[in-house]
Amino acid sequence: MIEMTNVYIAGLGAIGSMIASRLHKNCCLKVIVDTGRKQRYTEDGIYVNEVKHDFEYITPEDNEAPADLLIIAVKNRHLDQTIKAIRPFVVKNTCILSLLNGIDSENIIGSQFGMEHMLYSFIVATDSVRMKNRTNYTNVGKIVFGEKNSEITPRVKAVKALFEKSMIGVEVPEDIIREIWWKFMLNVGINQTSAVLRAPYGLYQISETARSLMRDACMEVLMIAEKKKINLTNEDINKYFQLINGLSADGKTSMLQDVEAGRITEVETFAGAVIRMGKEFGISTPVNEILYKMIKTIEESY
C-alpha cells in the first residue's frame, strides 16, 4: 500500500494556498519557496478564509527528505524556476502532480524528471481569490487527475485517498487527456474574456452576450480538438455555463486577478497556443487572435 506521507507543494497563490490549507492536517506538508518568500511568509503568515496558517517552508538548499507527492501550483511563467527549485526533492518514486493551466506542463516537467513521475491533472470549479497574503474561497472545486493511460494504479489510489481525507473534491476520469483539453477550452473561453471585460463570474451568470463571446473563443479550440482526435463537443461548452452558475458571483478567474494586479498573464498558454495550433492545422482563429492582441495591449499598459 502506497502512502503519500511527505507532500510538498510549490506555489502559494490562490490555488496553492487553498489546497495547502486542506492538506496540512493529513500529511507532512511542506511548502517549497525561495529564501525571500520564506522570510516574508514566516513573518506575515498566510491566511485562507481568514484563518492564519503557519506552514512549514523549505528552500532548495535545505537538507529535507524527498517528496512522495509533489504538487506544482504556480503560473506557467514561473515553471522553469520552479523546476529548478523542486529538483532536490524528486527521487525515483516521487509522484508529481501539476495544476498548471494549459496542455503542456506535464510534458515540460516530465522532460526534466522523466514522464514516469507524472500524473496528469487540473483543478476546476474553484472560485478562490488571493489578495496579498490572503486567500478566500467558497468552493474548493475538485482536482481531476489520473495516469496518462487512465489505469487506476496504487499511486492514483493513494493520492485520491489523501485528497478525499482532506475534503478536496477529486475525480479520476476514464480519459484524463480529454478532460485536460476540456479544461483548456474552458480557460481559453472564460479566463481571456473575463480579463478583457474585467468581469467576475457573476456577469456570465446573467449576460447572454458575455456567454456568447466565451462560446466563440471555445469553438476555435473545439475545431482544433477535432483535428487532434480529442472527443470534445458543443455539449462540453454548455456544461461550462452550468459550472459557472454554481460559483460565487464575485469570484474571479486567475487571468482577471493577474490583470487587476498588473501581472503578466497566461495569454501565451491560452490564445497563443490556439493560434499556433490553428496555423498548424489550417484552422482560422480570429476570436483568439483578437483576444491575444487585446490582452497583450492590457499588459503593455501597466
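Residues numbered from 1 in each chain as written. Predicted model: local features only at pLDDT ≥ 70, side-chain atom pairs only at ≥ 80, totals over all residues. Heavy atoms only, no water.

Help me out: how do you make sense of the sheet that holds strand S6 (residues 69–72) in this one?
Sheet strands pair via backbone hydrogen bonds, and the direction of the pair is either parallel or antiparallel. Spatial ordering of the open sheet is given by S5-S2-S1-S6-S7-S8-S11-S12, a layout of eight strands whose pairing is mixed. Among the strands making up the open sheet, the edge pair consists of strand S5 (56–58) and strand S12 (169–171). The average angle at which neighbouring strand axes cross in this sheet is 25°, direction not considered. As paired strands, strand S1 (residues 6–10) and strand S2 (residues 28–32) are joined by five bridges and run parallel to one another. Across the sheet, the residue bridging to Ile 9 is Val 31, located in S2. Across the face of the sheet, helix H3 (residues 79–86) comes into contact with S1, S2 and S6 while running at roughly 160° to S6. (Pairing = 2+ DSSP bridges. Helix = DSSP H or I, 4+ residues; strand = E, 2+ residues; numbered from the N terminus. Axes fitted to C-alpha atoms, helices over the stretch in contact; angles between N-to-C directions. Contact = heavy atoms within 4.5 Å.)

What exactly am I supposed to notice about empty space enclosed by the protein here?
Taking a probe equal in size to a water molecule and rolling it over the atoms shows the remaining empty space. Counting across every chain of the model gives two cavities of 30 Å³ or more. The volume enclosed by the largest cavity comes to roughly 60 Å³. Along the walls of the largest cavity sit Leu 100, Asn 101, Gly 102, Glu 106, Ser 121, Phe 122, Ile 180, Lys 183, Phe 184 and Asn 187, which together make up its complete lining. Elements with a contribution of two residues or more to the lining of the largest cavity: strand S8 (118–124) and helix H6 (176–197). Of the residues forming the lining of the largest cavity, the biggest block, four residues, is contributed by H6. Taken together, the residues of the lining of the largest cavity break down into four nonpolar, four polar and two charged. (1 Å grid on protein atoms, 1.4 Å probe; cavity = no way out; pocket = protein on both sides within 12 Å on 5 of 7 lines; lining within 4 Å. Points joined across faces, edges and corners; volume = space filled by probe spheres on them. Nonpolar A, V, L, I, M, F, W, Y, C, P; charged D, E, K, R; others polar.)

In this structure, what is going on with the sheet that holds strand S4 (residues 51–53)? I would like to understand it.
Sheet architecture is open: four strands sit in the order S4-S3-S10-S9, paired in mixed fashion. Every interior strand has two partners, whereas the edge strands, S4 and strand S9 (129–131), have only one. On average, adjacent strands in this sheet sit at an angle of 25° to one another, irrespective of strand direction. Of the strand pairs in this sheet, strand S3 (residues 46–48) and strand S10 (residues 134–136) are connected by two bridges, and their pairing is parallel. Bridge pairing links Tyr 47 to Arg 134 in S10.

Which parts of the structure should I look at to understand the state of the cysteines?
Disulfide: a covalent bond formed between the sulfur atoms of two cysteine residues. Tallied over the entire structure, the rule returns zero disulfides. For the unlinked cysteine Cys 95, the closest cysteine sulfur is that of Cys 27, found at 13 Å. (Disulfide = S-S within 2.5 Å.)

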